[in-house]
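What follows is the residue order along each chain.
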Amino acid sequence: MPDNKRVRNLPSVASLLERDAVKSLLRSHPRAVVVGAARRVLDAIRAGDAEGSAPSRNTWTDRILERLPAEIAAEEALPMRRVINAAGVVVHTNLGRAPLPGEALAAVAETSRGYCNLEYDLDAGERSSRLAHVEGMLRALTGAECAHVVNNNAAALLLCLAGLARGREVIVSRGELVEIGGSFRIPDIMAESGARLVEAGTTNRTRIEDYERAITGQTALLLKVHRSNFSIHGFTEDVSAAQLARLGGRAGIPVLEDQGSGALIDLAADGIPGTVSLRKALDAGPGIVTASGDKLLGGPQAGIVVGKEELVAPLKKHPLSRALRMDKMRLAALSAVLRLYADERRARTGVPVLRMLLEPEERVRARAFRLVRKIRARASAALRLSVERGGTSPGGGALPDVFLPTACVAVSHPEVPEGKLLARLLRGDPPVVARLGKGKLLLDLRTVRDDEVPALAGAVAEAEKND
Ligand SMILES: *Cc1c(COP(=O)(O)O)cnc(C)c1O
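In short, a report on the structure. Being a predicted model, the structure only gives us computed values, none of them experimental. Numbers given for residues are sequential positions, taken from 1 along each chain in its written order. This being a predicted model, a pLDDT of at least 70 is required before a residue's local features are given, and a value of 80 or more before pairs of side-chain atoms are given or counted; all residues contribute to the totals for chains, interfaces and linings. In computing side-chain properties, one takes all heavy atoms of the structure into account and sets aside hydrogens as well as water.

**A word on the packing of aromatic side chains**
Right, on to step 1. Here a Phe, Tyr or Trp ring, Trp counted by its six-membered ring, pairs with any other such ring whose centre lies within 6.5 Å, and the pair is stacked when the planes are under 30 degrees apart, edge-to-face when over 60, and tilted otherwise. For the structure on display, the rule yields zero aromatic pairs.
Right, on to step 2. A ring is scored as having a charge over it whenever the NZ atom of a lysine or the CZ atom of an arginine sits within 6 Å of its centre and within 35 degrees of its normal. The ring of Trp-60 carries the charged tip of Arg-63 above its face, separated from the ring centre by 5.3 Å.

**Some points on the environment of Leu-338**
Right, on to step 1. Working definition: helices are DSSP H or I runs of at least four residues, strands are E runs of at least two. Numbering for both runs from the N terminus. By secondary structure assignment, the location of Leu-338 is in helix 14 (residues 328-340).
Right, on to step 2. With 327 residues separating them along the chain, Leu-338 and Pro-11 place their C-alpha atoms 60 Å apart.
Right, on to step 3. Note on contacts: a residue pair qualifies if any of its non-hydrogen atoms lie within 4.5 Å across the two residues. Leaving out residues up to four positions away in the same chain, Leu-338 has contacts with Val-134, Met-137, Leu-138, Leu-141, Leu-264 and Leu-297.

**A closer look at the pairing of strand 14 (residues 384-395)**
Right, on to step 1. A pair of strands is treated as paired once DSSP finds two or more bridges between them. Here strand 2 (residues 89-91) pairs with strand 14 via two bridges, running parallel. Residue Val-89 lies in a different strand from strand 14, and its bridge partner there is Ser-393.
Right, on to step 2. For strand 14 and strand 15 (residues 404-412), the ladder comprises nine bridges, and the chain directions are antiparallel. Bridge pairing in strand 15 links Arg-384 to Ser-412.

**Digging into the sheet that holds strand 11 (residues 255-260)**
Right, on to step 1. Pairing in this open sheet of seven strands is mixed, and the strands run 5-13-12-11-10-6-9 from one edge to the other. Unpaired on one side and paired on the other, strand 5 (146-150) and strand 9 (196-200) mark the two borders of the sheet. The mean angle between the axes of side-by-side strands here comes to 25°, regardless of whether they run parallel or antiparallel. Axis angles are defined between N-to-C directions and span 0 to 180 degrees, where every axis is a line fitted to C-alpha atoms and, for a helix, only to the segment in contact.

**Observations regarding helix 3 (residues 31-46)**
Side chains that are three or four residues apart share a direction in an α-helix, a result of its 3.6 residues per turn.
Right, on to step 1. Here helix 3 contains 16 residues, and its C-alpha end-to-end distance of 22 Å stays within 8% of the 22 Å for a straight helix at 1.5 Å per residue.
Right, on to step 2. Only protein chains enter the accessibility calculation, which uses a 1.4 Å probe; a residue is then buried when its area is under 20% of its type maximum, exposed when over 50%, and partly exposed in between. Among the residues of helix 3, Val-33, Val-34, Val-35, Gly-36, Ala-37, Ala-38, Val-41, Leu-42 and Ile-45 are the ones counted as buried.
Right, on to step 3. On its buried face, helix 3 is in contact with helix 1 (13-17), helix 2 (20-28) and helix 4 (57-76). Under the convention used throughout, the expected extent of a helix is 1.5 Å for every residue step, that is, one less than its residue count.

**Quick look at the pattern of salt bridges**
When the charged atoms of two side chains with opposite charge come close together, those side chains can pair.
Right, on to step 1. Should a side-chain nitrogen of Lys or Arg be within 4 Å of a carboxyl oxygen of Asp or Glu, the pair is scored as a salt bridge. Applying the stated criterion to the full structure yields 30 salt bridges.
Right, on to step 2. With its nearest N and O atoms 2.9 Å apart, the salt bridge here joins Asp-270 to Arg-348. On the criterion of sequence distance, the pair formed by Asp-270 in the loop between strand 11 and helix 11 (278-283) and Arg-348 in helix 15 (residues 344-350) is long-range, its members being 78 residues apart.
Right, on to step 3. Residue class for Asp-270 comes out partly exposed when judged on its relative accessible area of 33%.
Right, on to step 4. What emerges from the salt-bridge pattern is a single network uniting Glu-359, Arg-363, Arg-367, Arg-370 and Asp-450.

**Points about the sheet that holds strand 14**
Right, on to step 1. Spatially, 2-14-15-18-17 is the arrangement adopted by the five strands of the open sheet, whose pairing is mixed. With partners counted over all chains shown, the strands left at the sheet margins are strand 2 and strand 17 (435-437), one partner each. Across the sheet, the mean angle from the axis of one strand to that of its neighbour is 40°, orientation sign disregarded.

**Observations concerning the side chain of Thr-61**
Right, on to step 1. The topology assignment puts Thr-61 in helix 4.
Right, on to step 2. Using a relative accessible area of 3% as the deciding quantity, one classes Thr-61 as buried.
Right, on to step 3. In this structure, Thr-61 is in contact with Pro-11, Leu-16 and Arg-19, ignoring residues within four places of it in sequence.

**Structural notes on the packing of helix 2 against helix 4**
Right, on to step 1. Two numbers describe how helix 2 lies on helix 4: the axes approach to 10 Å, and their chain directions differ by 15°. Here helix 2 is positioned roughly parallel relative to helix 4, judged by the angle of their axes. Our pair here, helix 2 against helix 4, has a crossing hand that is right-handed. Across from Ala-21, Val-22 and Leu-25 in helix 2, the residues of helix 4 making contact are Leu-65, Leu-68 and Ile-72.
Right, on to step 2. Counted by class, the contact of helix 2 with helix 4 contains six nonpolar, no polar and no charged residues. Small angles under 35 degrees read as roughly parallel and large ones over 145 as roughly antiparallel, with 65 to 115 read as roughly perpendicular and the rest as oblique. Crossings are sorted by hand: turned counterclockwise from the far helix by less than a right angle, the near helix makes the crossing left-handed, and turned clockwise it makes it right-handed. Gly is placed with the polar residues, together with every amino acid not listed as nonpolar (Ala, Val, Leu, Ile, Met, Phe, Trp, Tyr, Cys and Pro) or charged (Asp, Glu, Lys and Arg).

**Concerning the pairing of strand 6 (residues 169-173)**
Right, on to step 1. Here strand 6 lies mainly inside the structure; five of its five residues are buried.
Right, on to step 2. Side chains of strand 6 alternate between two faces, with Glu-169, Ile-171 and Ser-173 and Val-170 and Val-172 buried alike.
Right, on to step 3. With five bridges joining them, strand 6 and strand 9 adopt parallel strand pairing. Among the inter-strand pairings, Ser-173 is bridged to a residue of strand 9, identified as Ala-200.
Right, on to step 4. As judged from the four bridges shared by strand 6 and strand 10 (residues 219-225), these two strands associate in the parallel manner. From the neighbouring strand, Glu-169 faces strand 10, where its bridge partner is Thr-219.

**A few points about unusual backbone geometry**
Right, on to step 1. The linkage connecting Asp-429 with the following residue, Pro-430, adopts the cis geometry, with an omega of 0°.
Right, on to step 2. Mapped onto the elements, Pro-430 comes out in the loop between helix 18 (418-426) and strand 16 (432-433).
Right, on to step 3. At Arg-97, a position not held by glycine, the phi torsion is positive, near 55°.

So, in structure tokens, the structure goes:
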């Protein structure tokens, strides 16, 4: 520490805690937070400018007391905040994937404020299974004989591999040894499950004979993984789930498909190709299918396992199911979202992910013009605004080749580079996540709700100003 004579009159933390102003702070904040904030203010002063005359103890105390509330507020700031997603990715993993419908939020609040019948059968007055709240609906919506739910799709796969193939072999196409989101790699999950990976075919071409040749007396499972976040073009050949299911049937080996998206309705007729619903995936014949709850299904994080009774039912009793189980809040949310799907029309408008994917381009465009008008009303004439066409990605590693036509508000300023505008938006309140393109800041309106437009306009107008 440099010799800083200016700070020789600094009060101690103990003496600060004696002051009435601090005592009143202690009534509304934890002691550790107040003490930590006082220490940080003192440290900052000690590390500061050593020049000038030394203020008196009282002056120092007043200055510290002035800074303390802001320091405490910074410490207590909500680490997780709402953000506006104008980045043009509907299921954005870094932004929390699927926004939840109001029905799901209400169900969470209603069942979690007090006690709930999580594992209690109110008719019989005895213990029951927490899965009861979603199992029946999942069976009805997918046509499966049996359904199970765990923490997420990675957990669902881990459980299936451990429960059905530990110590034995699982055959996967080399073109499907995928990595999703950095830490999810099929070979790693396989290793953790205790199953042995057997690769079939090549990266770009795998035929049914490749699987056939790889089958041995040790084969426990044939695995098909949806290529969620990339596609292979050119000289390619793939084995369909139906082909694989027929081979499994002949060889007496179960087939597991990782469907990924959890889509419950087919969206091909809506101009969104490549979504295979869980019902269709099961109809193709694999004995067991896994998916995420928070991608195209539009619910909370969850790992869904549906399929034949003989394959799925034993997994519910596997010790890993206990380690990977869902909590009451997410079960309440999932149950509420599944109830919306009882009426497909209701799901299309009531599940936010579906509503965003299916909204007509003209409606997105109208919202973009509304945003422009609202920004205009608050920003200077120097801020250039235009509405441009663009493409929204469904995201979540759901449909790598699909882009939905959308409307973006393009923002630029002769004096403020677009990167600076973006940095200011990220630090704004609420923070806004956007994209850069062609020297402009692009705000995709497909993922912005109508009621977020005023806040977004305010954030853009603020970003124009100096920081
Ligand atoms: C997203 C995805 C996963 C991982 O799912 P989580 O729910 O994030 O664990 C696994 N497989 C496929 C095909 C996916 O698309």
